[in-house]
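Here are the chains, one letter per residue:
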Amino acid sequence: MSDNRRLEGVADQDQLWLRDTWIPLAVASGLKRIAVVVPHHGLGKIASEEILGRIEMAVFATRAFTTVSEATEWASGT
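Please read these numbers as outputs of a predicted model, since none were measured by experiment. (Residues numbered from 1 in each chain as written. Predicted model: local features only at pLDDT ≥ 70, side-chain atom pairs only at ≥ 80, totals over all residues. Heavy atoms only, no water.)

**Student:** What is the right way to read the confidence of the model for the protein chain from this model?
**Tutor:** Do not read the predicted coordinates in detail wherever pLDDT is low. Residues with a pLDDT of 70 or more make up 95% of the protein chain, whose mean pLDDT is 85. Across the protein chain, the element-wise mean pLDDT spans from 78 in helix H2 (residues 43-54) up to 94 in helix H3 (residues 68-75). (pLDDT = per-residue confidence, 0-100. Helix = DSSP H or I, 4+ residues; strand = E, 2+ residues; numbered from the N terminus.)

Structure, rendered in structure tokens:
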């Protein structure tokens, strides 16, 4: 689970690192789902949605939530 509620923005270099480095490592480790808690408004919301839009859904299941409890429940598969 990624709790992005305090995220204020993500630099282009960091977005590329997520796409080119972190995601392949996560897939290789067996990650099947990632839940993202998205801020309600502001730059953090925009950045989170942009990153989520760049992730290929075929790689692993990704879903956005507004609360940690909902994200945790979904990510754990319960």
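**Student:** Before we go on, may I ask you to explain the pattern of salt bridges in this structure?
**Tutor:** This model, assessed by the stated rule, comprises three salt bridges. When the shortest N-O distance is used, the salt bridge between Arg 19 and Asp 20 registers 2.7 Å. Among the residues examined, Arg 19 registers a relative accessible area of 41% and is labelled partly exposed. Residues Lys 45 and Glu 49 are paired through a salt bridge, measuring 2.9 Å at the closest nitrogen-oxygen approach. Separated by four residues within a single helix, Lys 45 and Glu 49 lie in helix H2, roughly one turn from each other. (Salt bridge = Lys/Arg side-chain N within 4 Å of Asp/Glu carboxyl O. Buried < 20%, exposed > 50% of the residue type's maximum accessible area, 1.4 Å probe, protein only.)

**Student:** Would you mind showing me how to read the side chain of Asn 4 here?
**Tutor:** In this structure, Asn 4 sits in the loop between strand E1 (2-3) and helix H1 (12-28). Setting aside chain neighbours within four positions, we find Asn 4 in contact with Val 36, Val 37, Pro 39 and Ser 48. (Contact = heavy atoms within 4.5 Å.)

**Student:** Would you mind going over the side chain of Ser 48 with me for this structure?
**Tutor:** Mapped onto the elements of the fold, Ser 48 is located in helix H2. You can call Ser 48 buried: its relative accessible area is 1%. Those residues in contact with Ser 48, other than ones at most four positions away along the chain, are Asn 4, Leu 7, Val 38 and Pro 39.

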